[in-house]
Amino acid sequence: MLTVGGELDMDTAPHLADAADTLDLPGRTLALDLSAVTFIDSCGLNALLALRHRVHLTGGTLELIGLCEQALHLLDLTGTRGLFTLHAAP
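Residues numbered from 1 in each chain as written. Predicted model: local features only at pLDDT ≥ 70, side-chain atom pairs only at ≥ 80, totals over all residues. Heavy atoms only, no water.

Caption draft 1: Region of the structure containing helix 3 (residues 69-78). Of all the positions in helix 3, only Ala71, Leu72, Leu74 and Leu75 are classed as buried. Looking down the long axis of helix 3, one finds its buried residues gathered within 155° of arc, a one-sided arrangement. Of the exposed residues in helix 3, the ones pointing more than 90 degrees away from its buried face are Glu69 and Leu77. If you follow the buried residues of helix 3, they end up packed against strand 2 (29-40), helix 2 (42-57) and strand 4 (85-87). Remark: Gly79 follows helix 3 within two positions and exhibits a positive phi of approximately 70°. (Buried < 20%, exposed > 50% of the residue type's maximum accessible area, 1.4 Å probe, protein only. Helix = DSSP H or I, 4+ residues; strand = E, 2+ residues; numbered from the N terminus. Arc of directions from axis to C-beta. Contact = heavy atoms within 4.5 Å.)

Caption draft 2: Looking closely at the sheet that holds strand 1 (residues 2-8). Pairing in this open sheet of four strands is parallel, and the strands run 1-2-3-4 from one edge to the other. Because the sheet does not close on itself, it has two edges, and the strands there are strand 1 and strand 4. On average, adjacent strands in this sheet sit at an angle of 30° to one another, irrespective of strand direction. In the sheet, strand 2 pairs with strand 3 (residues 61-65) via five bridges, with the strands oriented parallel. Looking at the pairing, Leu30 lines up with Leu62 of strand 3. (Pairing = 2+ DSSP bridges. Axes fitted to C-alpha atoms, helices over the stretch in contact; angles between N-to-C directions.)

Caption draft 3: Structural context of the nonpolar core. With 25 residues, the main nonpolar core has Leu16, Leu32 and Leu48 as its most contacted residues. Residue assignment for this core shows that the elements contributing at least two residues are strand 1, helix 1 (13-21), strand 2, helix 2, strand 3 and helix 3. Dropping the residues within four chain positions of it, Leu32 is found in contact with Leu2, Val4, Leu16, Leu48, Leu51, Leu62, Glu63, Leu64 and Ile65. (Core = buried A, V, L, I, M, F, W, Y, C linked by side-chain atoms within 4.5 Å.)

So, in structure tokens, the structure goes:
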């Protein structure tokens with residue numbers, strides 16, 4: 001599991017990609033705990049979409065855990081909610 005906190009935006013989205021680069025993803029499920037994320041902008045969404053694409057290319061899956069209401073609204077506005085497997089925060 002990879003845990004992300006704060007804002008996922010233009011300044012921080014590259015750090016998500018860097019952290020994911022260190023993981024062994026082929027054929028695995030990557031659970032991304034976003035319950036401590038307070039805001040996601042279009043750059044953050046693009047980082048999530050790119051990570052989803054990368055994980056799927058290797059035969060794995062990406063699960064997003066604990067998205068805030070703002071992030072869920074962003075996914076709805078962009079029509080991308082259905083691309084992700086979503087789980088409530090534990």
